[in-house]
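Geometric and topological summary
What follows is the residue order along each chain.
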Amino acid sequence: MGLFGNLFDSEKRHFHQAEVLADKVLKLEEAYAQKTDDELREVTKQLQEKIQAGASLKDVLPDAFANAREAAKRVLNEFPYRVQVLGGVLLHEGDIAEMKTGEGKTLTAVMPIYLHALAGKGAHVVTVNEYLAKRDAEWMGRVYTFLGLTVGCNLHSLSESEKRQAYACDITYTTNSELGFDYLRDNMVMRKEQRVLRGLHYAVLDEVDSILIDEARTPLIISGPGPVLDQQYIQADRFAKSCKRAVDFEIDREDRTVVLTEAGLKKADRAFGIENIYNGEHASIVHYIQNAMRANYLMTRDVEYVVGDDEIILVDQFTGRKMAGREFSDGLHQAIQAKENVGIKQETITLATITYQNFFRLYDLLSGMTGTAKTEENEFLNTYNMRVYEVPTNRPVARIDEPDLVFKDRHEKYEAIVKHTKELHEKGQPVLIGTLSIGINEALSEMLKKQNIPHHVLNAKNDENEAEIIAKAGQKFAVTVATNMAGRGTDIKLGEGVAELGGLVVLGSERHEAKRIDNQLRGRSGRQGDPGFSRFYCSMDDDLIVEYHTYESEGIIERFEHGKENINKMRALIDRTQERAEGLHFDTRKNTLEYDDVLMAQRHLIYDQRDKVLDLEDMEPLVYELVKENVSSAMEGYYQIPNKNDAKEKLAQYLNGLGIDGKQYAETIHRGSQEEITDAIIDIYHKQTAELPQEELQSMVKFIFLQILDREWIHHVDVMEHLKTSVRLRSYANVKPIDAYREEGFNRFNAMMQNISEQTVSTLLQIQTNHESAM
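Quick caveat, the model's predicted, so the values are computed rather than measured.

Brief notes about a negative patch on the surface
A contiguous patch of negative charge, built from E552, E554, E558 and E561, is present on the exposed surface. Counting through the fold element by element, E552 comes out in the loop between α23 (543–548) and α24 (554–561).

Comments concerning helix α19 (residues 438–450)
If you check α19, its first and last C-alpha atoms are 19 Å apart, about what 13 residues at 1.5 Å a residue would give, namely 18 Å. Within α19, the full set of buried residues consists of I438, I440, N441, L444, S445 and L448. Looking down the long axis of α19, one finds its buried residues gathered within 160 degrees of arc, a one-sided arrangement. At its buried positions, α19 is contacted by β9 (305–308), β10 (311–315), α18 (410–426), β17 (431–434), β18 (456–458) and β19 (479–482). Positive backbone phi, at 55 degrees, marks N452, one or two positions downstream of α19.

Some thoughts on the nonpolar core
Residues L184, L205, L212, F360 and F380 are the most contacted members of the largest nonpolar core, which totals 80 residues. Among the elements that take part in this core, helix α30 (residues 694–726) stands out by supplying 11 residues, more than any other. Built from parts of two domains, this core gets at least three residues from each of domain 1 (10–220 + 357–390) and domain 4 (616–766). Leaving out residues up to four positions away in the same chain, L205 has contacts with V126, I211, L212, F360, L366, S367, G368 and M369. Judged by nonpolar contacts, the second largest core, of 54 residues, contains F65, L115, V143 and M369.

Focus on the sheet that holds strand β5 (residues 202–206)
A sheet is described by the order of its strands in space; here 7 strands give the open sequence β3-β4-β2-β5-β13-β1-β14, paired in parallel fashion. The strands lining the two open edges of the sheet, one partner per strand, are β3 (151–153) and β14 (388–390). This sheet shows a mean twist of 20 degrees between the axes of neighbouring strands, independent of strand direction. In this structure, strand β2 (residues 123–127) lies alongside strand β4 (residues 171–175), joined through 5 bridges in parallel fashion. Note on β4: the bridge partner recorded for A123 is I171.

Section: the UniProt feature "binding site: ATP" (unreviewed entry) in the chain
Taken from the UniProt record, the annotation "binding site: ATP" (unreviewed entry) applies to Q84, G102, E103, G104, K105, T106 and D491. By secondary structure assignment, the location of E103 is in the loop between β1 (96–98) and α6 (105–117). The exposure class of E103 is buried, given its relative accessible area of 6%. Apart from residues no more than four positions distant in its own chain, E103 is found in contact with V83, Q84, P392, T393, N394 and Q528. Here T106 shows up in helix α6. Beyond its immediate chain neighbours, meaning those up to four positions away, T106 contacts R135, D136, W139, M140 and M369.

With respect to the environment of A168
With respect to the element layout, A168 can be found in helix α9 (residues 160–168). By relative accessible area, A168 is classed as partly exposed at 48%.

Here's the deal with unusual backbone geometry
Positive phi, close to 55 degrees, is recorded for E207, a residue that is not glycine. Considering the arrangement of structural elements, one finds E207 in the loop between β5 and α11 (208–212). Here N385, not a glycine, exhibits a phi torsion of approximately 55 degrees, which is positive.

Some thoughts on the pattern of salt bridges
Counted under the stated rule, the structure contains 39 salt bridges. For D209, the salt bridge goes to R516, with nearest N and O atoms at 2.7 Å. With a gap of 307 residues between them, D209 in helix α11 and R516 in helix α22 (residues 515–522) connect regions that are remote in the sequence. On the accessibility criterion, R516 (2% relative accessible area) is buried. A salt bridge links R742 to D739, with the shortest nitrogen-to-oxygen separation between them at 3.1 Å. One end of the pair is R742 and the other is D739, both in helix α31 (residues 737–764) and 3 residues apart, which spans about a single turn. D739 gets classed as partly exposed once you look at its relative accessible area, which sits at 36%. When salt bridges that share partners are traced, they join K163, E178, D182 and R185 into one network.

Parameters and conventions
- Residues numbered from 1 in each chain as written.
- Predicted model: local features only at pLDDT ≥ 70, side-chain atom pairs only at ≥ 80, totals over all residues.
- Heavy atoms only, no water.
- Patch = residues over 30% accessible without salt bridge, like charges linked within 9 Å, V, L, I, M, F, W, Y side chains within 5 Å.
- Areas by Shrake-Rupley, 256 points an atom, 1.4 Å probe, with all protein chains shown as cover.
- Salt bridge = Lys/Arg side-chain N within 4 Å of Asp/Glu carboxyl O.
- Lys, Arg positive; Asp, Glu negative; His and termini not counted.
- Charge placed at Lys NZ, Arg CZ, Asp CG, Glu CD.
- Helix = DSSP H or I, 4+ residues; strand = E, 2+ residues; numbered from the N terminus.
- Expected span 1.5 Å × (residues − 1).
- Buried < 20%, exposed > 50% of the residue type's maximum accessible area, 1.4 Å probe, protein only.
- Arc of directions from axis to C-beta.
- Contact = heavy atoms within 4.5 Å.
- Core = buried A, V, L, I, M, F, W, Y, C linked by side-chain atoms within 4.5 Å.
- Domains from an automatic or database assignment.
- Pairing = 2+ DSSP bridges.
- Axes fitted to C-alpha atoms, helices over the stretch in contact; angles between N-to-C directions.
- UniProt positions renumbered as here; feature names shortened; annotations may be inferred.

So this is what it looks like as structure tokens:
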């Protein structure tokens, strides 16, 4: 209890200190109100000078916040409340500010972003989609430009030079995915001037739980072209479609795997004309079958993806938005293309990858804001060292959150939703119906049409109309059926007379796998003290219940289906099932991070080496180090061979491999020291490159090294991706898969580094020959 007491006291003390700072900002209100526009801009210059002279950001915080606050009042006609100033202080400290819907998170971020931008290292505002990034850059950007700072917006469509320009600004708005991909691409460039980022200094993550929790199960992957294997995917798809559940395969929903039964294995042997599919030589066939089974029995059209213009487009499960240009990796995308009979693209190989967890931990300081983070406080603290603070609302929340209604099946449930919607619509009260998938979204739309209830549909298929649909969602008689797109980052304002009717009604068509996302949907109603109402409708065949209930729950479900179980027990069962889903997803994120931590240590070494080489003007020290490493390895092998004639032969082979006459040098070199051998090889290198212009030589050496490093690293990353899958089988031999991955990954990495060194030295010793032949 002492430990928890200390933690609690520490958090209370930290929150109180933030309140004291917020009050200091408020005391400056009158003084800043009397300044002219030019004087406010002059404050920006004065604060920048103070920071450059050594003042800390905390020292200048009251003046910076007061300046930004007054600018927002003049430019946007919006004056941050005390709770928003408090939220801004918490963001400056690297914490998470939990603020309810309508409390003005976007405006709250302006003050800490302005403060950190004064340091001249760049400050990033990270959002979950480009619509919000563009909107906020234009909207809040007016405040920053008024105060003399520059603002950029980084979008997927920008060219390399446009991205560099966006990141060079004092403040940059961007999405989490584009930012992560830019980081990976920056570590694949061949010249330092091609990099677009200028460091990861400070960021505010909008909808921080969506980015760091929901999306943390899916790593960022940059892929390159692999082999074209159309027929294999088509044949595997044909086999998958011929299989019968419970006869040929079983589905494990928790692990998201499809397992062939004994009958299924025999069927596969017959289909592919082989004796034993799990014989090692048929590993590639197993790979195609596994992807085909996953594509057909775990991936659902209009849920995980949509089909449009003869291509598969991924749908973000947490935001409901299309992810154009993104693909499933490791052949799953091609398996879905075969399933849906659209053109099969070339399979890809992994070129670079990183998890969101490890990417955002690269920032010097990270902060975030959302309406729902407290439920995941432990994960934020343990993974990111970020504390979660609930910021009080400016006005009390007046929304009524009713308990769930529970039904036997979906049909009964959907009818109840439509009936309730009709009653509300007839009296003019606006309704937002939240759905988890496009399929349910469209099914409810059809039912509403049959009842002649006019409504708008919002999902990934018509996201271009999002702003218009959201703008009307709070008006009288409005009925909106939306996927999770309406659950985050949308501010639905009430139309005239709606408050008197009871405000916006939110009806959830089923519970999500995380309570936070249910709360996000509820939060669309009751903004800034407005009245509102929310309720979720659940049934026993909802995906949450089907996929995550325990065997012990089956009796309760059966009794309810026969009308023998009371409603409160069912609500408790749904809560427990949701908690179980959250726990399993936490385990998945933890597992993903554990594996990426192994690669992250290696990634740091490779990327640091790349950065150093990119910045080098003189490549001579690098060449010497590489030769020295090579010689060290060769001499180590030389001394391990007892027979010196055999040893000399090995040394000669090593020198021959470098393009040097081994017989000529081996006899004298084997008597020399490691330094003498290194110097001898360096002398050969100097003789062969003596006639090359120095600038051309330096450029050529840099290019050769980076090309070999990248080629070996890309191969290593792709191998490590496949290793993740294969080490799971080690658990059958009582070996922890992560331990096997760590050990094998370490050995492979060391071998890769040796390969890089050997290949580079060998290539460098042939530069002159290549140069002459090229002429």
